[in-house]
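Remarks on the overall topology
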Amino acid sequence: MLNTFVVYVENKPGVLTRVASLFRRRAFNIDSLTVGRTEKPELSRMTITVDADRDQARRIEANLYKLVNVLLVENITAEPAIVRDLAMIKVAATHEARSHVLELASVFRGRVVDVAPESLIIEITGDEDKIDGLLEVLRPYGVLEMVRTGIVAMRRGSKVSSVVAAGNSLAQASADDDVDDVQYSV
Amino acid sequence: MMKTGAEILWQCLEREGVTHVFGYPGGAILPAYDALKHTRIHHVLVRHEQGAAHMADGYARASGQVGVAVATSGPGATNLVTGIATAMLDSSPIVCITGQVGSKLIGSDAFQETDITGITLPITKHNYLVTRAGDLARTLREAFYVARSGRPGPVLVDITKDAQQSACEFDWDAAKPQLPGYRPDLSPAPREYEQALELIHNAKRPVILLGHGALISGAMREVRDLVERSGIPVALTLLGLGVLPASHPLNLGMMGMHGEAWVNHTIQEADLLIALGMRFDDRVTGNLKTYAPNAKKIHVEIDPAEINKNVKVDVALVGDLRDVLRGMLPKIESIDRHEWLDYIDRMKGDSAVRDIQNLPDSGHLYAAHVINDLWRETRGSNTTVVTDVGQHQMWEAQYYKHEEPRSLITSGGLGTMGFALPAAIGAKVARPDTEVWVVVGDGGFQMTMAELATIVQESLKINIAIINNGYLGMVRQWQEFFYESNYQATPLLNPDFGKLADAYGIRNETVTQRSQVVPAVQSARQHNGPVLINFQVEQEDTVYPMVAAGAALHEMIRRPSPIVETAADE
């Protein structure tokens, strides 16, 4: 099954390589990996989706913690969360097809961000299924080019990761109290 | 006070308690070497950087302190790689300092530039590239802390030439480690202790599997208390040998691929495995599908990533072994286990009649004889044996009875040929009062024999026993068993080891008869300089028993019985 991890890492050179190298050498299959800034400049946040069973997922978590630059790993697969992927899709849109394409984009709440005589670029945000759905219906018109960011995820509700909770210094960073969580680094 | 990066380097090392480093100079590390004159640290000049890494490793394993290797950029750094990987697989704390080209040149394929932090990323516990003198003190403090804490391992610090040359304010106290994501001190939850105790107290056929972690944790006394209080027998990994004295009545000996039959049968028939500081390596488990099928498993381990990696366990206690055992010991109940122990004893009897030591002298010189005689001569004295990798390593593990922790130093996880000679140098430097014996094959010896010069240059009293069978023996054994005795590339044409030793001014002797073994060992021990003994042993001898790779642990190729007649028949 696909597991979704939210991983907080130190914002330092080479950290992405360390994470990617770990997945490669332990033969874990990354489905998607995104990395970006957080509200704290010293931290980066990764969202990693991996195809893994429960035991593998725990080992991935433990192995991520072995990286000295990794502060917090949360497996949010089983938790209510908002999961988003962003895609830009360049579709062939001749005069006749244009209105159909626009209609489809609007049904999927996509936005047209570029209009050219022979094509349109549609920007769409949503979970992966939604984007896959739009792609499916656009395909007959001719998808010329497509790019997706990979998913980012955030838990619903007021619960926040302790590393970013107000007043928490990095040194006090620790995982949830959930006993099933792997709360260690070696 | 203003100091150059090079000066800061040595001062930090001194502050970390470093007294010796093993290194080899070169262009990009020259500023650091220039500053050596200001430090009390003794620099041991090696003959190849791989030797430096193994020496640092041997130093660490002999002393429990962090060992340090120094090399220049490019080829100097890449030559360390095998030694770093060796230390990684055996959780040995070393810090490798490498020079790097100037920070402005990084990425330009400058002379002797190599991306050593990239290269060593998967074989270090952590590594650093330092481009500014101002970052050096904190980085080095972090490096030593990471190397020695938690599950120890190698840390590499790559320092650009300009970072060594430029000067900055040096304030050790202010340069505190900043490792917000690093938490090496873990401990199990109370309910995990309870679950473990319940399994232990309900078990009828329990066995303790004791590994290197017990040594690293310094849990020798706690392990012994547990064993004696609970009456549970113990099987050891290769790197666990010496943690519990071999003579202890509950010590069964080494398990795994070349473990004795009764040890492996004990594990296969157990109803509870208590794994202490070991990681269920394939060399100790055999086929995982058939491994200890009726046993519950308890795993006490400091590295959470080892839990359920190879063997699924019922209870995991993640933490420092000594602390965990201290938490457990007061609640351990003494249980009468004589039925189980008697059963194991009966299995032992069957193996003993096959043992080469119990057979009459046939005139052949077997490696097992050499090692057993070496043990008889050196037992009771403060002796450390450093072995290489292959047949002699397994015979050493079987026939040298280790009573003390750190009395065996060997490359377990990576199985690095060429390890023994340089690692022994590190061990001797770390513990000069210890008698050090290198037990090495004729193949592995030739991989790093350049370090003979280091032994002489440092005036080290090291005894070298070459177990010379004219083959890459273990590979030959595999070819014999699994490749229809097709001995491709395993027969060795060797130099005259005596003349070689002569060239270095090392006293030497060649032994071909069993009767010569003890006198040669005695005379080597009495000589106050290094000695090399070339033991010309039976060429096509075999390490028994053996669990073939992928076979079940109880499916062993046993010793022929009796072995001498079989050998004589050939």
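Residues numbered from 1 in each chain as written. Chains lettered and ligands numbered in written order. Predicted model: local features only at pLDDT ≥ 70, side-chain atom pairs only at ≥ 80, totals over all residues.

1. Notes on the overall build of chain B
- Helix and strand content of chain B: 24 helices and 22 strands.
- Relative to the globule expectation of 25 Å for 570 residues, the C-alpha radius of gyration of chain B, 24 Å, shows essentially globular dimensions.
- Seen through its principal axes, chain B has C-alpha atoms that stretch 70 × 65 × 40 Å.
- Looking at chain B as a whole, 54% of its 570 residues qualify as buried.
- The long-range fraction of contacts in chain B, counting pairs at least 24 apart against all pairs at least 6 apart in sequence, stands at 78%. (Helix = DSSP H or I, 4+ residues; strand = E, 2+ residues; numbered from the N terminus. Rg over C-alpha atoms; globule rule 2.2 N^0.38 Å. Buried ≥ 20, exposed ≤ 12 C-beta atoms within 10 Å, placed from the backbone. Contact = placed C-beta atoms within 7 Å.)

2. Topic: the interface of chain A and chain B
- With 23 residues of chain A at the contact, the number on the chain B side is 21 residues.
- Mapped by element, the contributors of at least two residues to the side of chain A that touches chain B are helix 1 (15-25), helix 2 (54-66) and strand 4 (70-75) of chain A.
- For the side of chain A that touches chain B, the leading source of residues is helix 2 of chain A, giving six residues.
- Partitioning the side of chain A that touches chain B into residue classes produces 12 nonpolar, five polar and six charged. (Nonpolar A, V, L, I, M, F, W, Y, C, P; charged D, E, K, R; others polar.)

3. Some thoughts on the sheet that holds strand 10 (residues 234-236) of chain B
All names here are of chain B.
- One open sheet holds the six strands; their spatial order is 11-10-9-12-13-14, and the pairing between them is parallel. With partners counted over all chains shown, the strands left at the sheet margins are strand 11 (251-254) and strand 14 (315-318), one partner each. For this sheet the average axis-to-axis angle between neighbouring strands, irrespective of direction, equals 15°.
- Judged from the five bridges that link them, strand 9 (residues 206-210) and strand 12 (residues 272-276) form a sheet pairing that is parallel. When the bridges of strand 12 are listed, Leu 209 appears paired with Ala 275. (Pairing = 2+ DSSP bridges. Axes fitted to C-alpha atoms, helices over the stretch in contact; angles between N-to-C directions.)

4. Points about the domain arrangement of chain B
All names here are of chain B.
- Domain boundaries in chain B define domain 1 (2-169), domain 2 (190-349) and domain 3 (357-543).
- Computed over C-alpha atoms only, the centres of domain 1 and domain 3 are separated by 30 Å.
- Tallying the contact residues gives 24 residues for domain 1 and 27 residues for domain 3.
- Elements with a contribution of two residues or more to the side of domain 1 that touches domain 3: strand 2 (20-23), strand 3 (42-45), helix 3 (49-63) and helix 5 (81-89).
- Looking at which element gives the most residues to the side of domain 1 that touches domain 3, the answer is helix 3, with 11 residues. (Domains from an automatic or database assignment.)

5. Focus: the domain arrangement of chain A
- Examined at the domain level, chain A breaks down into domain 1 (2-78) and domain 2 (82-148).
- The centre of domain 1 of chain A, based on its C-alpha atoms, is set 30 Å off from the matching centre of domain 2 of chain A.

6. A few points about the packing of helix 16 (residues 367-378) of chain B against helix 17 (residues 391-399) of chain B
Residues and elements named next belong to chain B.
- The N-to-C vectors of helix 16 and helix 17 enclose an angle of 45°; their axes lie 9 Å apart at closest approach. In terms of orientation, helix 16 lies oblique with respect to helix 17. Two packed elements cross with a definite hand, and for helix 16 against helix 17 that hand is right-handed. Note on element contacts: helix 17 touches helix 16 through Gln 391, His 392, Trp 395, Glu 396 and Tyr 399, opposite Ala 367, Ala 368, Ile 371, Asn 372 and Trp 375. (Parallel < 35°, antiparallel > 145°, perpendicular 65-115°, else oblique. Left-handed = near helix turned anticlockwise from the far one by under 90°.)

7. Some details on the confidence of the model for chain B
Residue and element names in this part refer to chain B.
- Looking at chain B, pLDDT values average 95 and 97% of them are 70 or higher.
- The low-confidence segment residues 564-570, where pLDDT is below 50, has seven contacts with residues more than four positions distant or belonging to other chains.
- For this predicted complex, the interface score ipTM comes out at 0.91, alongside a pTM of 0.94. (pLDDT = per-residue confidence, 0-100.)

8. Considering the packing of helix 1 (residues 5-15) of chain B against helix 7 (residues 136-148) of chain B
Residues and elements named next belong to chain B.
- Interaxial distance between helix 1 and helix 7 falls to 9 Å at its minimum, and their mutual angle equals 30°. With respect to each other, helix 1 and helix 7 are oriented roughly parallel. The element helix 1 and its partner helix 7 pack so that their crossing is right-handed. Residues Gly 5, Ile 8, Leu 9 and Cys 12 of helix 1 form the contact with helix 7, whose own contacting residues are Leu 136, Ala 137, Leu 140 and Arg 141.
- Of the residues assigned to the contact of helix 1 with helix 7, the class counts are six nonpolar, one polar and one charged.

9. Side note on the confidence of the model for chain A
- Here chain A averages 88 in pLDDT, and 88% of its residues register 70 or above.
- The low-confidence segment residues 166-186 of chain A (pLDDT under 50) makes 43 contacts with residues lying over four places distant or belonging to another chain.

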